[in-house]
Amino acid sequence: MKIIACGSVPTVIAPEKYFTGRVLQTPIIETEAPARLRALLVAFEPGARTHWHTHPLGQTLYVTSGAGLVQTWGGPVQEIRAGDTISFAPGEKHWHGAGSKTAMTHIAMQEALDGVHAEWLEAVTPAQYSG
């Protein structure tokens, strides 16, 4: 058993090379091999979002507060709200973030394949974000 005490893992500002706008990340768990789970609490200010990206083994989001947006490549922009669970298939190109006027926080859960949790791609354009 391992207990990670509240406050023992710092919250960080997400890197601009993967996000647009102000995003805070608080690690929840990064398991050691042979397990491969990573979970983070991610807080997006209004208008903030990820860049397009994929996950080799998929990703699950659980929205804990607020309202936001998600989109898969070629699909429509969809609204998400507190209590929603979103599941992306392995390799599915997508982005997620806050609404234009609403903050949104979610727990992001994904597993690594050969140590890789995500492949980061291009920024989401304002036109793509607007739908």
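Above this text is the structure in question.
Analysis parameters
Residues numbered from 1 in each chain as written. Predicted model: local features only at pLDDT ≥ 70, side-chain atom pairs only at ≥ 80, totals over all residues. Heavy atoms only, no water. Helix = DSSP H or I, 4+ residues; strand = E, 2+ residues; numbered from the N terminus. Rg over C-alpha atoms; globule rule 2.2 N^0.38 Å. Buried < 20%, exposed > 50% of the residue type's maximum accessible area, 1.4 Å probe, protein only. Areas by Shrake-Rupley, 256 points an atom, 1.4 Å probe, with all protein chains shown as cover. Lys, Arg positive; Asp, Glu negative; His and termini not counted. Charge placed at Lys NZ, Arg CZ, Asp CG, Glu CD. Core = buried A, V, L, I, M, F, W, Y, C linked by side-chain atoms within 4.5 Å. Salt bridge = Lys/Arg side-chain N within 4 Å of Asp/Glu carboxyl O. Polar contact = N/O pair within 3.5 Å; in protein donor to acceptor, adjacent residues only side chain to side chain. Contact = heavy atoms within 4.5 Å.

K.L.:
Run through the overall build of the protein chain, naming residues and quoting values.
P.N.:
Counting secondary structure elements, the protein chain contains 1 helix and 12 strands. Along the protein chain, helices (α) and strands (β) appear in the sequence β-β-β-β-β-β-β-β-β-β-β-β-α when read from the amino end. Rg of the C-alpha trace for the protein chain: 14 Å, near the compact-globule value of 14 Å for 131 residues, within the 12% margin. If you line up the protein chain on its principal axes, its C-alpha atoms span 45 × 30 × 25 Å. Counting across all 131 residues of the protein chain, residues that qualify as buried make up 34%. A total of about 7,300 Å² of accessible surface is found on the protein chain, and carbon and sulfur atoms cover 57% of it. Between the mean site of the 9 positive side-chain charges and the mean site of the 11 negative ones, the protein chain shows a separation of 5 Å.

K.L.:
Explain the nonpolar core to me, and be specific about the residues and the numbers.
P.N.:
Val 23, Val 42, Phe 44, Ile 80, Ile 86 and Met 104 are the most contacted members of the largest nonpolar core, which totals 16 residues. Secondary-structure elements contributing two or more residues to this core are β4 (37-44), β7 (59-72), β9 (85-88) and β11 (104-111). One finds Trp 52, Leu 69, Trp 95 and Tyr 129 within the second-largest nonpolar core, a separate group that totals 5 residues.

K.L.:
Any chance you could break down the pattern of salt bridges for me, citing the residues and the numbers?
P.N.:
Side chains that differ in sign of charge can pair as their charged atoms come close. Overall, the coordinates contain 5 salt bridges when judged by the stated rule. The residue Glu 79 makes a salt bridge to Arg 81 at a minimum N-O spacing of 3.1 Å.

K.L.:
Describe in detail the side chain of His 106, supporting the description with residues and values.
P.N.:
Mapped onto the secondary structure, His 106 falls in strand β11. A polar contact is formed between the side chain of His 106 and the side chain of His 96, at a distance of 3.0 Å. Residue contacts for His 106: discarding those within four places in its chain leaves Leu 40, Leu 41, Val 42, Phe 44, Leu 61, Tyr 62, Val 63, Thr 64 and His 96.

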